[in-house]
Amino acid sequence: GAGLDVIHLGPNLPVKEVVYAAKRSAAEVVLVSVTTPTDRISRVEQLQGLRVQLPGSAELWIAINPPAADINVKGTKALTNFEELERELRRIGGRF
């Protein structure tokens, strides 16, 4: 957790549950891992829906493995490796 208050919600959670948890916890960042980008259109639609429903103050980070440059969602930060993740965690106060 890099010294941050992390809440792990688990895999395959519906968008509405992620939104509920983010609002309830006043999350500053929501990190979603996409590990099966084969259905790109569905993934993009889900991520767009998530971005729209999250509070405007919450950042949405998307970790994509394997990296897929074609999954881009406006208002999100795509992370394709651990160095990018660590850099962003440090930016918001994370410690290693």
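Residues numbered from 1 in each chain as written. Predicted model: local features only at pLDDT ≥ 70, side-chain atom pairs only at ≥ 80, totals over all residues. Heavy atoms only, no water.

**Here's the deal with the pattern of salt bridges**
When their charged atoms lie close together, side chains carrying opposite charge are able to pair.
Part 1 of the reasoning: Taken as a whole and judged by the stated rule, the model has 3 salt bridges.
Part 2 of the reasoning: For the salt bridge of Glu59 with Arg91, the shortest nitrogen-to-oxygen distance reads 2.6 Å. Pair noted here: Glu59 is in strand E2 (residues 59-64) and Arg91 is in helix H3 (residues 82-91), with a separation of 32 residues, a long-range link.
Part 3 of the reasoning: Residue class for Arg91 comes out partly exposed when judged on its relative accessible area of 46%.
Part 4 of the reasoning: In this structure, Glu88 engages Arg91 in a salt bridge whose closest nitrogen and oxygen atoms are separated by 2.7 Å. (Salt bridge = Lys/Arg side-chain N within 4 Å of Asp/Glu carboxyl O. Helix = DSSP H or I, 4+ residues; strand = E, 2+ residues; numbered from the N terminus. Buried < 20%, exposed > 50% of the residue type's maximum accessible area, 1.4 Å probe, protein only.)

**Quick look at the confidence of the model for the protein**
Part 1 of the reasoning: Summarising the model, the protein shows a mean pLDDT of 86, and 92% of its residues fall at 70 or more.
Part 2 of the reasoning: When mean pLDDT is compared element by element in the protein, helix H1 (residues 15-25) scores highest at 95, while helix H2 (residues 40-53) scores lowest at 87. (pLDDT = per-residue confidence, 0-100.)

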